[in-house]
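Spelled out from the first residue to the last, the chains are:
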Amino acid sequence: MASVHESLYFNPMMTNGVVHVNVFGIKDWVTPYKISVLALLYEMTSSKITLPERRRLNKLILPLQQSSDLSLGQFLKTVGECCPDTAYSVKIRLHEMVDGELRDMEYFFSTLPIPFTAFDSEAYKTSVVGLFMRHMLLAYNKLSFSQVYKLYKSLQHYYHSNYSKPTEGQVGLMALAVDESDMDHTDTEDTIGDRLDREEEHNSLDESEIQHENTPSRGPLSQKQAEYFLARQAYLLKNDENKALKPALLQEELNNMLRFNPDFAEAHYLNYLNSIRVQDIFLSAHSLLHYFDRLILSGNDGKSNGEEGYGRNLRYATLNLASLHCRFGHYLQAGLVLQEAIRIAQESNDHVCLQHCLSWLYTLEQMKGCDSTVLTEDSVKMAVHFCLPYLASLGIQSLVQQGTTQGKTAHKLMDALKDTDILHWKHSLSELIEISLAQTTSIWRMYGKSTMALQQAQLLLHMSSLEPVNYGVQQNNTEAFAVALCHLAELHAEQALYGAVSDILQHLKDQFPAHTQHAKVCRLTHKLFLHISCPYSPCFIFPIQLWMLCDLKIQFERHMIEAKYNLAEQLVTSISAFNKTEGLYRKVQVLKVLNRTTEAYSILQRLQVHCEKTKCTETIIRVLLSTAELHWESSGFSTALPLLFQALALARQHHLQSLASETLLHLTFTQLMLGVPEQALLVLHEAIEPVLAHGALVDKGRALLLAARCQMAVSEFRPNRQGQPDSHVAVLAVDMLHEAAAYFTKLNCKLHLREVHYLQAQLYHSLGQIPQRNKSALLFRLLDQELQSPAPPLSMRL
């Protein structure tokens, strides 16, 4: 989803997702739809309605007045959802006017003020309903007889078109316009009639041009309708894209609006935002340039008047164009446009614009893979100097993100984020508060603290927005929320709670639907959840691709655990489409279990070189661990030690506790295979505590299985007085295997379960527990027959 705020930040005409519109040349029209609204207001005032139904209808009045004209079917359906009886009464009243004569419509307008002027009426002259009714009465009384007749015919067509298709001879009649300037009663009827006749001749529609029922508008919009439409769509694009119009339908509406008023600057800007949704680089750039051209020519903004305003709009237009190229990965074009924006801002001595340019400059350097720490620090200092808390906070968040890749300790990063949170709450920057919480969640996940990550994600999801929530929208669909939900999905998948994972992913699909006919894959970096899509983020990641990649990774890991390697292999291509590095790493995992070690080793070498260039420490460590596992396949345990020591040093240097624990498990297994189980057990004691506290179920099961094997190996070197293995150690190993079996059963990991039952049978045999031994042996045999594959030697697998 393209975030509206990241584009609106440089737009002087829009704030907080609300478009301030001043529409030129768009008239107010007396339409059959507005007569239907009047009929609804009449019925609400004159008839008895229950209190809950009246409340629902009261909430519906303002949207019905401000929205574009609806078809009669849509209108009655909307009213019927609130009060079926009132919808039926409105339909009957319209039917009486349409199937009667012109005097029936005249009679309706003559009796319209009666309910509103009653002593106990709830509608006052200055209320929303009263003003609307007075405006419509005044506009209706301005019409000549011929115009009233045309309005009546238009009402008949509006009513009958809902129940039957128009005949070949019927032509859609346009609604009759009454400009606000025509409300002066000194105008003559002939002048009004001549103008209306010319507009009707120009705007009349053929039968082929009559729109379908689900089309929101049917012609030129009034000024208030255009304001409401643009404000609503801009707000929904920012907060709930799923409730906004579909890209194609919104494009059609904007084209219709621009057809009647080509110089409507705000419509061009909404067209730009809509084009970003579907990743249309040509149309988005075209609409953006048109927006600033119209803004400059019209002088719509008070700051845009004169030569100074012209230069200001030109600077921000250039800056927006640079951000657009950054979004689509056109780094060379973005750099050239950004240099032009800097030059223009320097000539005008515009420090604020220069600060925005500096923020985009360090962002561009990060996207190119260069070190931009110095530029970012300078940006933060200058933003603080010029009292720009938004840019200062974004710069600090970018420094924190860079610090995670440079081995900074967690407490330093959290202190920096705490300082930014003070700024956020002080200035009510709710969007940055969400980004900060999502970033904190990502950092805790990276450091291997799943409990803290879960806490931060829940804090974000339960946080109330600081912004007013309009149009029934819940502001839980920004990219920060998508990041938090993806974290929750992975955390639940690690604990084998696949039912909850399915619910979370379904919620993500509902909130961020993948429009397959429009969605395109954007360029992602190797870190999925640490890159939050904010205006100055090192990478723009759309929520659609977030949850799609998260879903694919969860499915892959589940298939690998359940030994469904053919299904896992099919997902590699899909993962590579989103993230090539992740795809290659997953391919290596599949090749290892398929014993295609030569091909896997070749890919690992290329992957390591690539990750060293991009400074992706996490992937480097995982590559080193996978390479060590390939050495195990050829019994090269001693040659695997240097790789494991290198991986352990990197993990500790960057404070990656989960990867450090995994590396220690690999070291434990290697030492066990080299015949030093006592030393292996000492290393394991260092790793097993964080694994049991924060690790996934599969890691807990592997750690306990490895601990039991180490205990068994140690007990063989400490025979008791009777010459048998130490029974206390054997019982301890049995308990560990029993707990590991519970984890593997929950995961449906039959491959590891087979190994657990095999070791349990051995231990029970040494303890003389024959029934338990036979039961474990039977379970082992059943799993061995079900898997239909020979169990690899224990010395070849962790």
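Everything here concerns the structure above.
Residues numbered from 1 in each chain as written. Predicted model: local features only at pLDDT ≥ 70, side-chain atom pairs only at ≥ 80, totals over all residues. Heavy atoms only, no water.

### Considerations on the side chain of His492
Reasoning step 1: The residue His492 is located in helix 23 (residues 479-494) in this model.
Reasoning step 2: For His492, a relative accessible area of 19% translates into the label buried.
Reasoning step 3: There is a polar contact of 2.7 Å between the side chain of His492 and the backbone oxygen of Leu488.
Reasoning step 4: If sequence neighbours within four positions are ignored, His492 has contacts with Leu497, Ala500, Val501 and Ile504. (Helix = DSSP H or I, 4+ residues; strand = E, 2+ residues; numbered from the N terminus. Buried < 20%, exposed > 50% of the residue type's maximum accessible area, 1.4 Å probe, protein only. Polar contact = N/O pair within 3.5 Å; in protein donor to acceptor, adjacent residues only side chain to side chain. Contact = heavy atoms within 4.5 Å.)

### What about the packing of aromatic side chains?
Reasoning step 1: Enumeration according to the criterion identifies 9 aromatic pairs in this entry.
Reasoning step 2: Pairing Trp632 with Phe669 gives two aromatic rings, centres 4.6 Å apart and planes at 55 degrees, and the pair type is tilted. Separated by 37 residues along the polypeptide, Trp632 in helix 29 (residues 617-633) and Phe669 in helix 31 (residues 657-673) bring together distant segments of the chain. Just as Trp632 is buried, Phe669 falls in that class too.
Reasoning step 3: Ring plane angle 45 degrees and centroid distance 5.6 Å describe the contact between Tyr758 and Phe780, whose orientation is recorded as tilted. Note that Tyr758 is positioned in helix 35 (residues 750-767) and Phe780 in helix 36 (residues 770-787), a separation of 22 residues in sequence.
Reasoning step 4: When its relative accessible area of 23% is taken as the criterion, Phe780 is described as partly exposed.
Reasoning step 5: Ring pairs connect the aromatic residues Tyr269, Tyr272, Tyr291 and Phe292, which therefore count as one cluster.
Reasoning step 6: Above the face of the Tyr498 ring, Arg558 is positioned so that its terminal group lies 3.9 Å from the ring centre. (Phe/Tyr/Trp six-rings, centres within 6.5 Å; stacked < 30°, edge-to-face > 60°. Lys NZ or Arg CZ within 6 Å of the ring centre and 35° of its normal.)

### Side note on the nonpolar core
Reasoning step 1: Ranked by size, the top nonpolar core spans 110 residues in total, and within it Leu508, Ile621 and Leu747 carry the most contacts.
Reasoning step 2: The element best represented in this core is helix 33 (residues 697-716), accounting for 12 residues.
Reasoning step 3: Excluding anything up to four places from it in sequence, Ile621 contacts Ala647, Leu650, Ala651, Leu656, Leu659 and Thr663.
Reasoning step 4: Within the second largest apolar cluster, 46 residues are counted, among which are Val90, Phe132, Tyr140 and Leu151. (Core = buried A, V, L, I, M, F, W, Y, C linked by side-chain atoms within 4.5 Å.)

### Some thoughts on the pattern of salt bridges
Reasoning step 1: All chains considered together, the criterion is met by 20 salt bridges.
Reasoning step 2: Residues Arg103 and Glu101 are paired through a salt bridge, measuring 3.2 Å at the closest nitrogen-oxygen approach.
Reasoning step 3: On the basis of relative accessible area, Glu101 is assigned to the partly exposed category, the value being 44%.
Reasoning step 4: In this structure, Glu347 engages Arg343 in a salt bridge whose closest nitrogen and oxygen atoms are separated by 2.7 Å. In this pair, Glu347 and Arg343 both sit in helix 16 (residues 331-348), 4 residues apart, roughly one turn of the helix.
Reasoning step 5: A single network of salt bridges, built from pairs that share partners, joins Arg445, Glu490, Glu494 and Lys553. (Salt bridge = Lys/Arg side-chain N within 4 Å of Asp/Glu carboxyl O.)

### Here's the deal with the state of the cysteines
Reasoning step 1: By the definition in use, this model includes 0 disulfides.
Reasoning step 2: The cysteine Cys611 is free of any disulfide, with Cys616 supplying the nearest cysteine sulfur at 4.9 Å.
Reasoning step 3: For Cys611, a relative accessible area of 0% translates into the label buried. (Disulfide = S-S within 2.5 Å.)

### Topic: unusual backbone geometry
Reasoning step 1: The phi dihedral of Gln279 is positive, around 60 degrees, even though this residue is not glycine.
Reasoning step 2: If you trace the backbone, Gln279 turns up in the loop between helix 13 (265-277) and helix 14 (281-298).
Reasoning step 3: Unlike most non-glycine residues, His655 shows phi in positive territory, near 60 degrees.

### Description of the packing of helix 33 against helix 34 (residues 727-747)
Reasoning step 1: Contact geometry of helix 33 with helix 34 gives a least axis separation of 8 Å together with a crossing angle of 160 degrees. It follows that helix 33 is roughly antiparallel to helix 34 by the angle criterion. In terms of crossing hand, the pair formed by helix 33 and helix 34 is left-handed. Two secondary-structure elements touch here, helix 33 through Leu697, Val698, Lys700, Gly701, Arg702, Leu704, Leu705, Ala707, Ala708, Gln711, Met712 and Ser715 and helix 34 through Val729, Leu732, Ala733, Met736, Leu737, Glu739, Ala740, Tyr743, Phe744, Lys746 and Leu747.
Reasoning step 2: Across the contact of helix 33 with helix 34, the residue classes tally to 16 nonpolar, 3 polar and 4 charged. (Axes fitted to C-alpha atoms, helices over the stretch in contact; angles between N-to-C directions. Parallel < 35°, antiparallel > 145°, perpendicular 65-115°, else oblique. Left-handed = near helix turned anticlockwise from the far one by under 90°. Nonpolar A, V, L, I, M, F, W, Y, C, P; charged D, E, K, R; others polar.)

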